[in-house]
Amino acid sequence: MSEHIPTEEEKKSKLIEYRNSIDNIDAAVINMLAERFKITQKVGHYKAKYGLPASDKAREATQIERLRKLSEEAQLDPDFSVKFLDFIIEEVIQHHKKISGADK
């Protein structure tokens, strides 16, 4: 039994299908990040209002460990996930510092 060799049109169609899926996932990721930052902004205002520190190292460590486990379960490189979360955390902390005036 021989394998079907796709035509050029089939190749193009399959590539478009894959790219459309990637575009949909990218849109979902952006929307999820936007929602996440809306909540972290609320956290920042709450921390500023009550004089809480912008950074919480214990929480960050817990989240990083949690993300590592989730990444492994999802067969995603945990180091990549940690770098991604580190970037997000740093952005959130900088925003919290701006809210509290700690960056002045």
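Placed above this text is the structure.
These numbers come from a predicted model, not from an experiment.

Draft legend 1. Expanded view of unusual backbone geometry. Even without being glycine, Gln75 reaches a positive phi, approximately 60°. Given a relative accessible area of 78%, Gln75 falls into the exposed group.

Draft legend 2. Representation of the packing of aromatic side chains. Under the definition given, this model contains two aromatic pairs. Taking the centre distance of 4.9 Å and the plane angle of 55° together, the rings of Tyr46 and Tyr50 count as tilted. Measuring from centroid to centroid gives 6.3 Å for Phe80 and Phe84, while their planes differ by 15°, and the two rings are stacked. Of this pair, Phe80 and Phe84 both sit in helix 3 (residues 78-100), four residues apart, which is roughly one turn of that helix.

Draft legend 3. Just helix 3, in detail. In a regular helix each residue adds 1.5 Å, so 23 residues correspond to 33 Å; helix 3 covers 32 Å between its end C-alpha atoms and thus fits that length. Among the residues of helix 3, those classed as buried are Pro78, Ser81, Val82, Leu85, Ile88, Ile89, Val92, Ile93 and His96. Residues of helix 3 that are buried sit in contact with helix 1 (8-49) and helix 2 (57-73). Measuring from the side-chain oxygen of the N-cap residue of helix 3 to the backbone nitrogen of Asp79 gives 3.0 Å; that N-cap residue is Asp77. Once helix 3 finishes, Gly101 follows within two positions and takes phi at roughly 80°, a positive value.

Draft legend 4. Seen up close, helix 2. Taking 1.5 Å as the rise per residue, helix 2 with 17 residues should run 24 Å; its terminal C-alpha atoms sit 24 Å apart, in good agreement. Among all positions of helix 2, only Glu60, Gln63 and Ser71 are buried. Taken end-on, helix 2 shows its buried residues confined to a sector of 70°, consistent with a single buried face. With respect to the buried face of helix 2, the exposed residues turned more than 90 degrees away are Ala58, Glu72 and Glu73. Along its buried surface, helix 2 packs onto helix 3. A positive phi of about 60° marks Gln75, the residue just after helix 2.

Each value, and the rule that gives it
- Residues numbered from 1 in each chain as written.
- Predicted model: local features only at pLDDT ≥ 70, side-chain atom pairs only at ≥ 80, totals over all residues.
- Heavy atoms only, no water.
- Buried < 20%, exposed > 50% of the residue type's maximum accessible area, 1.4 Å probe, protein only.
- Phe/Tyr/Trp six-rings, centres within 6.5 Å; stacked < 30°, edge-to-face > 60°.
- Helix = DSSP H or I, 4+ residues; strand = E, 2+ residues; numbered from the N terminus.
- Expected span 1.5 Å × (residues − 1).
- Contact = heavy atoms within 4.5 Å.
- Polar contact = N/O pair within 3.5 Å; in protein donor to acceptor, adjacent residues only side chain to side chain.
- Arc of directions from axis to C-beta.

Keep in mind that these numbers describe shape and distance, not what the molecule does.
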